[in-house]
Amino acid sequence: MGGRKLKKKILELLNDNPLETSLEKICRLPPRQAVNPLFSFFYHSDELIKWRAVTAMGAVVARLAEQDMESARIVMRRLMWNLNDESGGIGWSAPEAMGEIMARHEKLAEEYASILVSYINQTGNFIEHEILQRGVLWGLGRLAYARPELVASAAAFLLPFLRSNDAIHRGLAAWVSGALSSEITTPLLQDLALDEAGIKIFINMSLVETTVGKLAQEALSGTTRASVEEHLSER
């Protein structure tokens with residue numbers, strides 16, 4: 001199948017419902033060929049298509065890793081390069097895709113989780129672009145709900161985001177905190193419990209409208225920790 005035809009086919013699948021069925025069909029395509037079209041959809045104007053492309057990238061690269069681990073590592077390095085200032089780009093959706101891939105593949109998570117954490121570490125590979133920081137927080141959350149033990153060190157680095165003027169930062173940081181279950185974030189989560197700022201977050205393959213306060217309350221109550229346990233039992 002030619003590149004243009006393949007891209008059109010993948011876009012049709014990303015538009016189809018249910019997404020789970022589309023993912024199965026995308027994963028039947030040659031993984032290496034599916035990667036480039038999925039990268040292009042990271043910049044799609046339709047927010048849902050972008051998120052579905054991130055989800056599909058996770059599924060495709062996890063499958064690729066089972067067939068050819070080095071090829072999967074090349075994709076991870078490409079995502080990391082896109083977040084590098086020297087790349088000349090901005091790296092939209094790259095940290096989200098990294099988190100999605102690692103949530104789906106244990107070996108890749110073991111190799112690259114620390115790098116994703118380093119993107120919010122002021123003494124690490126800190127990403128200063130505020131919009132990209134949102135992506136890093138989401139990627140960390142996605143990974144934390146699947147493999148919290150690999151990103152436990154991120155809890156301390158969430159504190160500035162829990163205090164952020166950006167409601168999306170606060171909400172995402174609260175969501176991640178719920179997966180990590182660290183006492184270090186508890187006081188700030190308590191402060192955010194009545195925060196009525198509304199945000200949208202992509203959870204369980206759907207865009208969900210919620211508030212920062214609700215996410216903080218769920219983190220404090222253990223609702224999100226229960227979700228972690230459920231995810232772990234399914235692995």
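Look up: the structure comes first, before these words.
This is a predicted model, so every value here is computed, not measured.

Novice: Just checking my understanding: could you explain the packing of aromatic side chains for this structure?
Specialist: Each pair of aromatic rings is reported with the distance of its centres and the angle of its planes. Evaluated as defined, the whole model comprises six aromatic pairs. The interplanar angle of 55 degrees and the centroid separation of 5.4 Å between the aromatic rings of Phe-39 and Phe-42 together place this pair among those described as tilted. Each member of the pair, Phe-39 as well as Phe-42, is classed as buried. Plain terms: the ring middles of Trp-138 and Phe-202 are 6.4 Å apart, the flat faces sit at 50 degrees to each other, and that makes the pair tilted. One end of the pair, Trp-138, is in helix α8 (residues 130-146); the other, Phe-202, is in strand β1 (residues 198-203), with 64 residues separating them in the sequence. For the pair Trp-138 and Phe-202, a shared accessibility class is recorded, and that class is buried. A connected cluster of aromatic rings, assembled from ring pairs, spans Trp-51, Trp-138, Tyr-145, Trp-175 and Phe-202. Its end group placed over the ring of Trp-51, Lys-50 keeps NZ or CZ at 4.0 Å from the ring centre.

Novice: Got a minute to help me understand the packing of helix α1 (residues 3-15) against helix α3 (residues 31-40) in this structure?
Specialist: Between two packed helices, both the angle of their axes relative to each other and the distance between the axes serve to describe the pair. It is at 9 Å that the axes of α1 and α3 come closest, and there the two elements cross at 65 degrees. Judged by the twist between their axes, the crossing of α1 over α3 is right-handed. The segment α1 lies against α3, with Leu-6, Lys-7, Ile-10 and Leu-14 engaging Gln-33, Ala-34, Pro-37, Leu-38 and Ser-40.

Novice: What is the right way to look at the side chain of Ser-71 in this model?
Specialist: As for its placement among the helices and strands, Ser-71 is situated in helix α5 (residues 69-82). Beyond its immediate chain neighbours, meaning those up to four positions away, Ser-71 contacts Arg-32 and Leu-64.

Novice: Would you explain the packing of α3 against helix α4 (residues 47-67) in this entry?
Specialist: At a minimum axis separation of 10 Å, α3 and α4 run at an interaxial angle of 155 degrees. One element, α3, and the other, α4, form an angle in the roughly antiparallel class. Crossing of α3 against α4: the hand is left-handed. Mapping the contact onto sequence places Pro-31, Arg-32, Ala-34, Val-35, Leu-38 and Phe-39 in α3 and Ala-53, Ala-56, Met-57, Val-60, Arg-63, Leu-64 and Gln-67 in α4. Grouping the amino acids of the contact of α3 with α4 by side-chain chemistry returns 10 nonpolar, one polar and two charged.

Novice: Which parts of the structure should I look at to understand helix α6 (residues 94-104)?
Specialist: Think of an α-helix as turning once every 3.6 residues; residues three or four places apart then point the same way. With 10 of 11 residues buried, α6 lies mostly within the body of the structure. Inspection of α6 places Ala-94, Pro-95, Glu-96, Ala-97, Met-98, Gly-99, Glu-100, Ile-101, Met-102 and Ala-103 among the buried residues, and these make up the whole buried set. In this fold, the buried residues of α6 make contact with α4, α5, α7 (106-118) and α8.

Novice: Even after reading the chapter, I still don't get α1, so can you show me in this structure?
Specialist: Spanning 13 residues, α1 covers 18 Å between terminal C-alpha atoms, matching the ideal 18 Å at 1.5 Å per step. Among the residues making up α1, those that are buried are Leu-6, Ile-10, Leu-13 and Leu-14. Buried residues of α1, viewed axially, fall in a sector of 100 degrees; they line one side. Opposite the buried face of α1, by more than 90 degrees, sit the exposed residues Arg-4, Lys-5 and Lys-8.

Novice: How do you make sense of the nonpolar core when you look at a structure like this?
Specialist: Generally speaking, nonpolar side chains in soluble globular proteins are found buried as a group. The biggest cluster of nonpolar side chains holds 79 residues, and the ones touching the most others in it are Ile-10, Leu-14, Met-57, Leu-79, Met-102 and Leu-108. A per-element tally of this core places α4 first, with 11 residues. Those residues in contact with Met-102, other than ones at most four positions away along the chain, are Met-76, Leu-108, Ala-109, Tyr-112, Ala-113, Leu-116, Leu-143 and Arg-147.

Novice: Teacher, can you tell me more about the environment of Leu-83 here?
Specialist: Along the polypeptide, Leu-83 turns up in the loop between α5 and α6. Overall, Leu-83 belongs to the buried group, its relative accessible area being 11%. Distance from Leu-83 to Pro-95, taken between C-alpha atoms, is 8.0 Å for residues 12 residues apart in sequence. For Leu-83, the residues in contact, after removing those within four places along its chain, are Ile-90, Gly-91, Ala-94, Pro-95, Met-98, Tyr-119, Ile-127 and Leu-132.

Analysis parameters
Every chain is numbered independently, its residues counted from 1 as its sequence is written. Local features are withheld for residues below a pLDDT of 70 in this predicted model, meaning they are given only at 70 or higher, and side-chain atom pairs are given and counted only at 80 or more; totals for whole chains, interfaces and linings count all residues. Hydrogens are left out, water is left out, and the side-chain values use all remaining heavy atoms of the structure. Ring pairs are drawn from Phe, Tyr and Trp, using the six-membered ring of Trp, whenever the two centres fall within 6.5 Å, and their geometry is named by plane angle: stacked under 30 degrees, edge-to-face over 60, tilted for the rest. Exposure categories follow from relative accessible area, calculated using a 1.4 Å probe and restricted to protein chains: below 20% of the type maximum is buried, above 50% is exposed, and the middle band is partly exposed. A run of H or I in DSSP counts as a helix once it spans at least four residues, and a run of E counts as a strand once it spans at least two, with each numbered from the N terminus. Counting as a charge over the ring demands two things of the Lys NZ or Arg CZ atom: a distance within 6 Å of the ring centre and an angle within 35 degrees of the ring normal. Fitting a line to C-alpha atoms yields each axis, with helices limited to the stretch in contact; the angle taken between N-to-C directions then spans 0 to 180 degrees. With the far helix as reference, a near helix turned anticlockwise by less than a right angle produces a left-handed crossing, and one turned clockwise produces a right-handed crossing. By definition in these notes, contact holds between two residues if any of their heavy atoms fall within 4.5 Å. Our angle categories are set so that under 35 degrees counts as roughly parallel, over 145 as roughly antiparallel, 65 to 115 as roughly perpendicular, and the remainder as oblique. Basically, the charged four are Asp, Glu, Lys and Arg, the nonpolar ten are Ala, Val, Leu, Ile, Met, Phe, Trp, Tyr, Cys and Pro, and anything else, Gly included, counts as polar. To estimate how far a helix should extend, the number of its residues minus one is multiplied by 1.5 Å. The arc refers to the directions leading from the helix axis to the C-beta atoms. Residues grouped as a nonpolar core are buried Ala, Val, Leu, Ile, Met, Phe, Trp, Tyr and Cys residues, joined through side-chain atoms within 4.5 Å.

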